[in-house]
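Residue-level structure breakdown
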Amino acid sequence: MSLVLFEKKDFIGFVTLNRPNALNAFNYDSLLELQQIVEQIRHDPKVRVVIFSGAGDKAFSVGADLKERKHLSPEDVMRNVDKIGTVFSEVSELPQPTIAAINGYAFGGGMELALACDFRLAVKGTKMGLTETSLGIIPGAGGTQRLPRLIGETKALELILTARKITAEQAEHLGIVNKVAETKELMNESLKLANEMLENAPIALQQAKFSIRQGMNVDLNTALRVERKAYEVTLPTADRTEALQAFSEKRKPNFQGK
C-alpha cells in the first residue's frame, strides 16, 4: 500500500499522507514516496494547484515516526532529518501554489510540512505546534526558520521554546492559518481557494509566487528586480494575449498555461 497517495482532478493535485494508523507520521519510506510525488508535480503542467492532507479523521501528521526513530542509529536519524528537511524545502519550492488542508493533529514535522505550504486551512478545534523541544530536539525541517518569517521572531520563539500546542483558532489569530472550517467543510474550503486561483493564468500564478518568495528575504531594490524579471516571463505568453482578447470580447479567458 502506498504511504503517500496522489491524484489529479481539474488541474488540482491531491497529495494524501497515508499512514492513518500511525497518525500519518513520517518514516523514511514515506519521505521517499513524498519526494518522488513532489518531483512529479513540479514538472506536470496539468497540476496548477496542490492540496496536501492526511488520511483518516485524526491527524494531518504528527511528525517523525518516533517508534522508528527509537531503533535507529544516530547516523540513520541524521539521514532521516536530512531527508525530511530536503523534501519539505522541495515542497516549499514548488512553482505551483500549495494548500495544507490540516484535517487533524499537526505536530513537529507535520506542522513543518504545513509551514512549507503557501496556505493553511485547518479543522475547527484541532491542535498543532512545533513540539520538538519537549523531546530533547529542535524543529529540524524548517520550523525554526519558516515560523518566525510568518509570525515574527518573538512569537515564534515563544511557541517553539515552550513546545506549546495551540488550537486552529489560535493559529488563525496568529496568522499561521488562513481559515478555520468545520471538518466536513475543510476540503470544500480548500477547493474553493484552489478554484479561485485556477481562474487565473497558471504562468502568472507561478511567477507571482516566485516573485514574492524570492523577494521577501532580500533588500527592496533587489526584490524589485526579481519582480521585474518575473513580470517579463509573462509578457510573451499566449495566456496574456488571451486575457486581453477575452477582455475586449467581454468573456471569460481560457488559459492554457502557455
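Please refer to the structure higher up on the page.
These figures come from a predicted structure and were not determined experimentally. (Residues numbered from 1 in each chain as written. Predicted model: local features only at pLDDT ≥ 70, side-chain atom pairs only at ≥ 80, totals over all residues. Heavy atoms only, no water.)

Attention now goes to the overall build of the protein chain. Looking only at helices and strands, one finds 11 helices and 10 strands in the protein chain. Taking 18 Å as the expected radius of gyration for a compact globule of 258 residues, we find that the protein chain reaches 19 Å, a close match to that expectation. Expressed as lengths along the three principal axes of its C-alpha atoms, the size of the protein chain is roughly 60 × 45 × 35 Å. Counting every position in the protein chain, which comprises 258 residues, the buried fraction comes to 47%. Once local pairs closer than 6 in sequence are excluded, the contacts in the protein chain between residues at least 24 apart make up 68%. Carbon and sulfur atoms make up 54% of the accessible area of the protein chain, which amounts to about 13,800 Å² in all. (Helix = DSSP H or I, 4+ residues; strand = E, 2+ residues; numbered from the N terminus. Rg over C-alpha atoms; globule rule 2.2 N^0.38 Å. Buried < 20%, exposed > 50% of the residue type's maximum accessible area, 1.4 Å probe, protein only. Contact = heavy atoms within 4.5 Å. Areas by Shrake-Rupley, 256 points an atom, 1.4 Å probe, with all protein chains shown as cover.)

Our focus in this paragraph is the pairing of strand β2 (residues 12–17). Within β2, 6 of the 6 residues are buried, which leaves the element mostly enclosed by the surrounding structure. Examined bridge by bridge, strand β1 (residues 4–9) and β2 share 6 bridges and lie antiparallel to one another. Residue pairing across strands places lysine 8 opposite glycine 13, the latter belonging to β2. Here β1 hands over to β2 after 2 residues, with aspartate 10 in that stretch at a positive phi of 55°. Sheet analysis places β2 next to strand β3 (residues 49–54), joined by 6 bridges and oriented parallel. When the bridges of β3 are listed, glycine 13 appears paired with valine 50. Tracing the backbone out of β2, into helix α1 (residues 28–42) and back to the parallel element β3 gives a crossover that is right-handed. (Pairing = 2+ DSSP bridges. Right-handed = clockwise from strand over helix to strand, strands pointing away.)

Positive phi, close to 55°, is recorded for aspartate 10, a residue that is not glycine. By secondary structure assignment, the location of aspartate 10 is in the loop between β1 and β2. When its relative accessible area of 58% is taken as the criterion, aspartate 10 is described as exposed. In this model, alanine 163 sits at a positive phi of 55°, which is unusual for a non-glycine residue. In this fold, alanine 163 is placed in the loop between α6 (153–162) and β9 (166–167).

Counting residues in hydrophobic clusters, the biggest one holds 42 residues, and the most contacted among them are Leu34, Phe52, Phe88, Met128, Leu147 and Ile176. Ignoring any residue separated from it by four or fewer positions in sequence, one finds leucine 147 in contact with Leu115, Leu130, Gly152, Ala156, Leu159, Ile160 and Ile176. Grouped together as the second largest cluster of nonpolar side chains are 13 residues, Leu121, Val123, Leu186 and Leu198 included. (Core = buried A, V, L, I, M, F, W, Y, C linked by side-chain atoms within 4.5 Å.)

Before going further, it helps to examine the packing of aromatic side chains. One pass over the structure, following the stated rule, counts 2 aromatic pairs. Where phenylalanine 26 meets phenylalanine 88, the ring centres are 5.5 Å apart and the plane angle is 70°; that geometry is what we call edge-to-face. Highlighted residues: phenylalanine 26 in the loop between β2 and α1 and phenylalanine 88 in helix α3 (residues 74–92), separated in sequence by 62 residues. Accessibility assignment for this pair places phenylalanine 26 and phenylalanine 88 in one class, buried. Measuring from ring centre to ring centre gives 5.6 Å for tyrosine 105 and phenylalanine 107, while their planes differ by 20°; the resulting arrangement is stacked. For tyrosine 105, a relative accessible area of 38% corresponds to the partly exposed category. Taking the ring centre of tyrosine 28 as reference, the NZ or CZ of arginine 79 above it sits at 3.7 Å. (Phe/Tyr/Trp six-rings, centres within 6.5 Å; stacked < 30°, edge-to-face > 60°. Lys NZ or Arg CZ within 6 Å of the ring centre and 35° of its normal.)

Here we come to the pattern of salt bridges. Going through the model one piece at a time under the given rule, you end up with 12 salt bridges. In this structure, lysine 252 and glutamate 199 form a salt bridge, with 3.2 Å as the shortest nitrogen-oxygen distance. Within this pair, whereas lysine 252 is found in the segment after α11 (238–249), its partner glutamate 199 is found in the loop between α8 (186–198) and α9 (202–215), the two being separated by 53 residues in sequence. Look at glutamate 199 and you get partly exposed, because its relative accessible area is 42%. Between arginine 251 and glutamate 242 there is a salt bridge whose closest N-O contact spans 2.7 Å. Salt bridges sharing common partners tie together Asp118, Lys209 and Arg213. (Salt bridge = Lys/Arg side-chain N within 4 Å of Asp/Glu carboxyl O.)

Let us look at the sheet that holds β9. Pairing is mixed in the open sheet, where 4 strands are placed in the order β4-β6-β8-β9. Two strands close off the open sheet at either side, each with one partner strand: β4 (59–61) and β9. Relative to strand β8 (residues 127–129), strand β6 (residues 105–107) runs parallel, the two sharing 2 bridges. Counterpart to phenylalanine 107 in the pairing with β8 is glycine 129. Each of β4, β6 and β8 is contacted by helix α4 (residues 109–116), which is oriented at about 95° to β6, the strand it contacts most. (Axes fitted to C-alpha atoms, helices over the stretch in contact; angles between N-to-C directions.)

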